[in-house]
Amino acid sequence: MADTVAESSKSFAEKQRERMERLKKLHTQRNEARTSNHQEVIAEDERKKLPTNWEARKRQAEWLMADVSARTDAETKGLDYNRVKMLHVSAAEADRIDKLKAKKRNADPGFSDYEAQTARQYNRLVKTMAPRDLAKYEEQKEKYGDAFYGGPNVILQGLHKDTPKAIDNMVKDLEGQIAKRKKFSRRRTHNDDADIDYINEKNARFNKKLERFYGEHTAEIKQNLERGTAI
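Predicted, not measured: the structure shown is a model, and the values here were computed from it. (Residues numbered from 1 in each chain as written. Predicted model: local features only at pLDDT ≥ 70, side-chain atom pairs only at ≥ 80, totals over all residues. Heavy atoms only, no water.)

## Things to note about the overall build of the protein chain
Note the cut-off: Numbering goes from the N terminus for both helices and strands, where a helix is a DSSP run of H or I of at least four residues and a strand is a run of E of at least two. Residue exposure (1.4 Å probe, protein chains only): buried if accessible area is under 20% of the type maximum, exposed if over 50%, otherwise partly exposed. Any two residues having at least one pair of non-hydrogen atoms within 4.5 Å are treated as being in contact. Exposure was quantified through the Shrake-Rupley algorithm and a 1.4 Å probe, taking into account, for residues, occlusion by the shown protein chains and nothing else.
Counting its secondary structure elements, the protein chain contains eight helices and zero strands. Starting at the N terminus and ending at the C terminus, the protein chain contains elements arranged as α-α-α-α-α-α-α-α. Looking at the protein chain as a whole, 7% of its 231 residues are labelled buried. Nonlocal contacts in the protein chain, meaning residues at least 24 apart in sequence, comprise 43% of its contacts between residues at least 6 apart. Accessible surface for the protein chain amounts to roughly 21,800 Å². Of this, 54% is attributable to carbon and sulfur atoms.

## What to know about a nonpolar patch on the surface
Quick note on the threshold: What makes a patch is a set of residues exposed beyond 30% relative accessible area and free of salt bridges, joined within 9 Å when like-charged and within 5 Å when nonpolar (Val, Leu, Ile, Met, Phe, Trp, Tyr). Each salt bridge in this description consists of a side-chain nitrogen of Lys or Arg and a carboxyl oxygen of Asp or Glu lying within 4 Å of one another.
Taken together, the side chains of Ile 167, Met 170, Val 171 and Leu 174 present a nonpolar region at the surface, about 340 Å² in accessible area. Mapped onto the fold, Val 171 is located in helix α7 (residues 164-184). Judged by its relative accessible area of 36%, Val 171 falls in the partly exposed class.

## Things to note about the pattern of salt bridges
Two side chains bearing opposite charge may form a pair once their charged atoms approach each other closely. Going through the model one piece at a time under the given rule, you end up with three salt bridges. With a closest N to O distance of 3.5 Å, Lys 77 and Asp 73 form a salt bridge. With Lys 77 and Asp 73 both in helix α2 (residues 54-77) and four residues apart, the pair spans about one turn of that helix. Here Lys 77 falls in the exposed class, since its relative accessible area comes to 58%. The closest approach of N and O atoms between Lys 99 and Asp 95, which form a salt bridge, is 3.6 Å. With Lys 99 and Asp 95 both in helix α4 (residues 91-105) and four residues apart, this pair spans about one turn of that helix.

## Side note on the packing of α2 against helix α6 (residues 134-144)
For the record, the criterion: Angles shown run from 0 to 180 degrees and are taken between the N-to-C directions of axes, each axis being a line fitted to C-alpha atoms and, for helices, limited to the stretch in contact. Working definition: roughly parallel below 35 degrees, roughly antiparallel above 145 degrees, roughly perpendicular at 65 to 115 degrees, and oblique for all remaining angles. Helix crossings get a hand from a simple test, with the near helix turned counterclockwise from the far one by less than a right angle marking a left-handed crossing and a clockwise turn marking a right-handed one.
Where α2 meets α6, the axes come as close as 11 Å, and the angle between the chain directions of the two elements is 140°. Taken together, the axis directions place α2 and α6 in an arrangement best described as oblique. Considering the relative orientation of α2 and α6, their crossing is left-handed. Only Leu 134, Tyr 137 and Glu 138 of α6 make contact with α2, whose side of the interface consists of Ala 61, Leu 64, Met 65 and Val 68.

## Quick notes on the side chain of Gln 177
Note the following rule: Definition of a polar contact: a pair of N or O atoms within 3.5 Å, with one able to donate and the other able to accept a hydrogen when the atoms are protein atoms, and with sequence-neighbouring residues admitted only if both atoms are side-chain atoms.
Assignment of secondary structure puts Gln 177 in helix α7. A polar atom in the side chain of Gln 177 sits 3.2 Å from the side chain of Gln 121. If we skip the residues at most four places from it in the chain, Gln 177 touches Gln 121, Arg 124 and Leu 125.

## Structural notes on the nonpolar core
For clarity, the threshold we go by: Nonpolar cores are built from buried Ala, Val, Leu, Ile, Met, Phe, Trp, Tyr and Cys residues. Side-chain atoms within 4.5 Å join them into one set.
Trp 54, Ala 61, Tyr 137, Tyr 144, Ala 147, Phe 148 and Tyr 149 form the largest nonpolar core, which has seven residues in total. Where this core is concerned, the elements lending two or more residues are α2 and α6.

## Some thoughts on α2
Here is the rule: The span one expects for a helix is its residue count, reduced by one, times 1.5 Å.
Between its terminal C-alpha atoms α2 stretches 35 Å, which fits the 34 Å expected from 24 residues at 1.5 Å a residue. If you check which residues of α2 are buried, you get Trp 54, Ala 61, Asp 67 and Ala 74. On the buried face of α2, the contacting elements are α3 (81-86) and α6. Trailing α2 by a residue or two, Gly 78 shows a phi angle of about 75°, which is positive.

## Re a positive patch on the surface
Where we set the bar: Here Asp and Glu are counted as negative and Lys and Arg as positive; His is not counted, and neither are the chain ends. Where a charge lies is defined by one atom per residue type: Lys uses NZ, Arg uses CZ, Asp uses CG and Glu uses CD.
Taken together, the side chains of Arg 71, Lys 85, Lys 101, Lys 104 and Lys 127 make up a positively charged region of the molecular surface. Of note, Arg 71 is situated in helix α2.

## Details of a negative patch on the surface
Taken together, Asp 195, Asp 197, Glu 211 and Glu 226 make up a surface patch of like negative charges. Positionally, Glu 211 belongs in helix α8 (residues 201-227).

## Quick word on the confidence of the model for the protein chain
Spelled out, the test is: The predictor attaches a confidence to each residue, and that confidence, scored 0 to 100, is pLDDT.
Across the protein chain, the average pLDDT comes to 79, with 88% of residues at 70 or higher. Per-element averaging of pLDDT across the protein chain places helix α1 (residues 2-49) at the bottom with 78 and α8 at the top with 86.

## Some thoughts on the environment of Lys 58
Residue position: Lys 58 is located in helix α2. Separated by 91 residues in the primary sequence, Lys 58 and Tyr 149 place their C-alpha atoms 9.1 Å from one another.

## Re the environment of Asp 80
The residue Asp 80 is located in the loop between α2 and α3 in this model. Since its relative accessible area comes to 41%, Asp 80 is described here as partly exposed. A polar atom in the side chain of Asp 80 sits 3.3 Å from the backbone nitrogen of Asn 82.

See the structure below:
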């Protein structure tokens, strides 16, 4: 009888201990989940502060560094880097690259709207920029920290200072644009002997357009009005 009671009491104690162990395990898992969720919230908040194209710019920078490293390795081994690189390009990718190159050969189809004209001007200016200095890129990345990629809460004013060479290049390009613009937008000389049939410069340009398109059809009417014989 006593042995049966002791065995029953021992069984209850073991069950209680197992329950406590499971409870402690659940508490531990809950705390780990809470910590993990908090870290994810912080990481997501940091990602929201970055610009929208940050991931693309990061991938591009990593690709450029890997490309330079592979090119240097190929030159060290005495290999043609372009041939080595094409060995890892599929036929579909090669066809896509050829189509892009063919499209770039005629990248300027002519004036369509001012937005497209501004985009072409921007791309032209980007192409004239000097090749990227990856050593300087990494140096600026360490110097500016989080402000290197910019963001909605980052003040960039005062962080970067243009070099005299960059300023000279900008002035040179602007002077070239002004000189090129003068060739296509020359100022018309004023003819003092011409009849004054306008009240301002805008009206003069409008009258010239009318004369260019309808002058031959209205010459007789104009002469009659000047003589006073028009009906």
